[in-house]
Amino acid sequence: MSDQFKQEAAERAAEDVTEGMRLGIGTGSTAEFFVQALAKRVAGGLNIVGVPTSERTRDLATELGIKLTTLDEMPQLDLTVDGADEFDPELALIKGGGGALLREKIVAAASERMIVIADGSKEVDALGRFPLPIEVVPFGLEATRRAIVTVLSDLGLPDVLVLRGGASQPFVTDGGHFILDAHLEKISDVKALATRLVAIPGVVEHGLFIDLATKAYVAGTDGVKTVL
Ligand code: 5RP
């Protein structure tokens, strides 16, 4: 069922793509449905160029015949369409469940608009039930972990950090970094947490996307609703 909803949201977003658009293309299972829907429109004659947010998305989009470029060639984009792990009523997001948060945030920040595509299970009153991905450089991992724990304690949040993939085989991002997943339950002050995390030297990026998404298509049993 969830897959069907993801596909419906993705197909709705593909309808918003117009001729000549410079498009950021997200990562994850919902974004893959979007790539498939977009590819159908491209096969039908739509002319767009995309910037993928991961190697995984690059491979799929290439395979399906979508013209791609890089942010270096095209540093300003019209629209990014991407999934999310959670979104709140202000359209603040947690992203990075698929490990692509760094490129996803760079691409979203380079875009005039960002549409989130999701099934209804991703909608929450307050972010935090989904573990917050924090991308860190491998060098000094323990020192960085401790600095993050201090920030979480200062903000009254649980300090449970899990190295994605485990110590013996950590998950490595497209940028060559590790991910610490922070099990926070409920983030009361999203902006304060974001500000404190980026100030830690070993933190490359975190999965809080604030003031980036401009619209969400959310699919459920009642069809696809628009959240603005
Ligand atoms: C990848 C992401 C994804 O957009 C997020 O994890 C949602 O994935 P899915 O569409 O598979 O539920 O942020 O880094």
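Values in this document were obtained by computation on a predicted structure and should not be read as measured data.

Around the ligand, the structure places 18 residues, and the nearest of them are Gly 28, Thr 30, Gly 83, Gly 97 and Gly 98. If you list the elements that add at least two residues to the shell around the ligand, you get α2 (29–43) and α4 (101–109). Here the element with the most residues in the shell around the ligand is α2; it accounts for 3 residues. Its residues placed into classes, the shell around the ligand shows 4 nonpolar, 10 polar and 4 charged.

Another aspect to go through is the pairing of strand β13 (residues 223–227). In this structure, strand β12 (residues 215–220) lies alongside β13, joined through 5 bridges in antiparallel fashion. Note that in β13 the partner of Ala 216 across the bridge is Val 227. Here β12 folds back onto β13, and the loop between the two strands holds 2 residues.

Moving on: α4. In terms of burial, α4 is largely enclosed, as 7 of its 9 residues are buried. Those residues of α4 that fall on the buried side of the exposure criterion are Leu 101, Leu 102, Arg 103, Glu 104, Lys 105, Val 107 and Ala 108.

Moving on, we get to the confidence of the model for the protein. Overall, the prediction assigns the protein a mean pLDDT of 97, with 100% of residues at 70 or greater. Taken over the whole predicted complex, pTM reads 0.96, whereas the ipTM for its chain interfaces reads 0.98.

The subject of this paragraph is the UniProt feature "active site" (unreviewed entry) in the protein. As recorded in UniProt, the sites labelled "active site" (unreviewed entry) are Glu 104. The topology assignment puts Glu 104 in helix α4. A tally of 32 C-beta atoms within 10 Å means that Glu 104 is categorised as buried. Discounting residues that sit within four places of it in the chain, Glu 104 has contacts with Gly 26, Thr 27, Thr 53, Asp 82 and Lys 95.

With respect to the helices and strands, the residue Lys 122 is situated in the loop between β6 (111–119) and β7 (132–136). Taking the C-alpha atoms as reference points, Lys 122 and Leu 64, 58 residues apart in sequence, are found 28 Å from one another. Contacts of Lys 122, omitting those with residues within four sequence positions, involve Ala 84, Asp 85, Glu 86 and Phe 87.

In space, the 4 strands of this open sheet follow the order β8-β9-β7-β10, with antiparallel pairing throughout. Only two strands of the sheet have a single neighbouring strand rather than two, namely β8 (160–163) and β10 (203–206). Going from strand to strand, the sheet's axes swing by 30° on average, the running direction of each strand aside. Bridge analysis of β8 against strand β9 (residues 178–183) gives 4 bridges, and the strand direction is antiparallel.

Okay, helix α6 (residues 190–198) next. All buried positions along α6 are accounted for by Val 190, Leu 193 and Leu 197. End-on, the buried residues of α6 take up no more than an arc of 65°, which puts them together on one face. In the core, the buried residues of α6 are packed alongside β7, α5 (141–154), β10 and β11 (208–209).

When strand β1 (residues 22–25) meets strand β2 (residues 49–52), the two strands line up parallel, connected through 4 bridges. By the bridge assignment, Ile 25 is partnered in β2 with Pro 52. The β-α-β motif built from β1, the intervening α2 and the parallel element β2 has right-handed crossover chirality. Direction of pairing for β1 relative to strand β3 (residues 77–82): parallel, over a ladder of 3 bridges.

We now examine the packing of α2 against helix α3 (residues 55–63). Closest axis-to-axis distance for the α2/α3 pair is 10 Å, and the angle between their directions is 20°. It follows from the interaxial angle that α2 and α3 lie roughly parallel. Once α2 is placed against α3, the crossing between them reads as right-handed. Here α2 contributes Ala 31, Glu 32 and Val 35 to the contact with α3, which in turn contributes Thr 57, Leu 60 and Ala 61. Class assignment of the residues belonging to the contact of α2 with α3 gives a composition of 4 nonpolar, 1 polar and 1 charged.

Quick notes on the rules
- Residues numbered from 1 in each chain as written.
- Predicted model: local features only at pLDDT ≥ 70, side-chain atom pairs only at ≥ 80, totals over all residues.
- Near = placed C-beta within 6 Å.
- Helix = DSSP H or I, 4+ residues; strand = E, 2+ residues; numbered from the N terminus.
- Nonpolar A, V, L, I, M, F, W, Y, C, P; charged D, E, K, R; others polar.
- Pairing = 2+ DSSP bridges.
- Buried ≥ 20, exposed ≤ 12 C-beta atoms within 10 Å, placed from the backbone.
- pLDDT = per-residue confidence, 0-100.
- UniProt positions renumbered as here; feature names shortened; annotations may be inferred.
- Contact = placed C-beta atoms within 7 Å.
- Axes fitted to C-alpha atoms, helices over the stretch in contact; angles between N-to-C directions.
- Arc of directions from axis to C-beta.
- Right-handed = clockwise from strand over helix to strand, strands pointing away.
- Parallel < 35°, antiparallel > 145°, perpendicular 65-115°, else oblique.
- Left-handed = near helix turned anticlockwise from the far one by under 90°.

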